[in-house]
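Chains, contacts and geometry: an overview
Residues per chain, in single letters:
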Amino acid sequence: MAHCLDYSRPEVQDYILSTIAELLDLYEIDGFQLDWLRFPRHLSGRPEEVWEKRSCITSFTARVRRLLQEENPTILLSARIPTSLPGCRFLGADVTEWTRQGLVDFLVATPFLTTDFHMPIPELRTALGDHPVPIYADVEFGHGPQIHCPESLRAAAAGLFACQADGIYVFNFPCWTEYIGARPY
């Protein structure tokens with residue numbers, strides 16, 4: 001985490017935006033995701049300072065949205081975010097403002113490098129107020145010290161649907177084949 005880029009610095013935003021522009025030049029894409037959970041340290045300072053700088057992440061997200069719309073207005077933009085409002089606050093991710101401004105088409109609630117079988121998705125949904133977007137729940141390839149098996153994957157999905165997830169997002173899925181004995185598909 002000590003080597004993450006600080007999005008409060010204009011040169012960081014410009015560099016990452018130029019990388020996204022290059023990807024748009026090279027590939028036809030349907031959607032783009034801002035992965036704020038890999039690794040979740042994008043603003044420097046203590047937690048209260050990070051929240052004070054949240055407009056930096058919001059303005060960057062707005063710049064990405066404009067770039068995508070200029071390329072093709074049908075390109076979707078999503079963001080991987082923490083599973084809770086306190087987690088979003090710690091990261092500087094103002095999801096309420098993002099959806100108020102229409103910056104993202106959907107959110108992916110994501111625990112850090114594990115699978116949660118329960119997430120406070122209703123709390124996230126309430127925070128979006130009059131500007132709701134779909135919220136998908138992320139399932140990683142493991143849970144605690146264990147790697148998923150078909151049964152645990154189904155249990156995680158069932159628990160997350162019970163938490164009102166609009167869908168299940170499977171992160172690092174291609175990597176699973178290196179670690180599991182029984183494929184869950």
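Refer to the structure above for everything that follows.
We now turn to the structure provided with this report.

Thresholds applied
Residues numbered from 1 in each chain as written. Predicted model: local features only at pLDDT ≥ 70, side-chain atom pairs only at ≥ 80, totals over all residues. Heavy atoms only, no water. Helix = DSSP H or I, 4+ residues; strand = E, 2+ residues; numbered from the N terminus. Buried < 20%, exposed > 50% of the residue type's maximum accessible area, 1.4 Å probe, protein only. Disulfide = S-S within 2.5 Å. Expected span 1.5 Å × (residues − 1). Arc of directions from axis to C-beta. Contact = heavy atoms within 4.5 Å. 1 Å grid on protein atoms, 1.4 Å probe; cavity = no way out; pocket = protein on both sides within 12 Å on 5 of 7 lines; lining within 4 Å. Points joined across faces, edges and corners; volume = space filled by probe spheres on them. Patch = residues over 30% accessible without salt bridge, like charges linked within 9 Å, V, L, I, M, F, W, Y side chains within 5 Å. Areas by Shrake-Rupley, 256 points an atom, 1.4 Å probe, with all protein chains shown as cover. Salt bridge = Lys/Arg side-chain N within 4 Å of Asp/Glu carboxyl O. Lys, Arg positive; Asp, Glu negative; His and termini not counted. Charge placed at Lys NZ, Arg CZ, Asp CG, Glu CD.

Below, the discussion takes up the overall build of the protein chain. Summing up its helical and strand segments, the protein chain has seven helices and seven strands in all. Reading the helices (α) and strands (β) of the protein chain from amino to carboxyl end gives α-β-α-α-β-α-α-β-α-β-β-β-α-β. Principal axes of the C-alpha set define a box for the protein chain whose edges measure 45 × 40 × 35 Å. Within the protein chain, buried positions represent 44% of all 185 residues.

Evaluation of the coordinates by the stated rule reveals zero disulfides. Among the cysteines around C4, which has no disulfide bond, C56 carries the closest sulfur, lying 16 Å off. Here C4 falls in the partly exposed class, since its relative accessible area comes to 28%.

What follows concerns helix α1 (residues 10-26). End to end, α1 covers 24 Å across 17 residues, agreeing with the expected 24 Å (1.5 Å per residue, within 8%). Listing the buried residues of α1 in full gives V12, Q13, I16, L17, I20 and L24. Seen end-on, α1 carries its buried residues on one side only, within an arc spanning 125°. Exposed side chains of α1 directed beyond 90 degrees from the buried face belong to Y15, D25 and L26. Residues of α1 that are buried sit in contact with β1 (31-35) and α3 (54-71).

Right, let's talk about empty space enclosed by the protein for a bit. Following the criterion strictly, the structure yields one cavity of 30 Å³ or more and no others. What lines the largest cavity is L37, R38, R80, T110, P111, F112, L113, E140 and F171.

What follows covers a negative patch on the surface. On the surface, a cluster of negative charge is contributed by E22, D25, E28, D30 and E71. Tracing the chain through its elements places D30 in the loop between α1 and β1.

Keep in mind that these numbers describe shape and distance, not what the molecule does.
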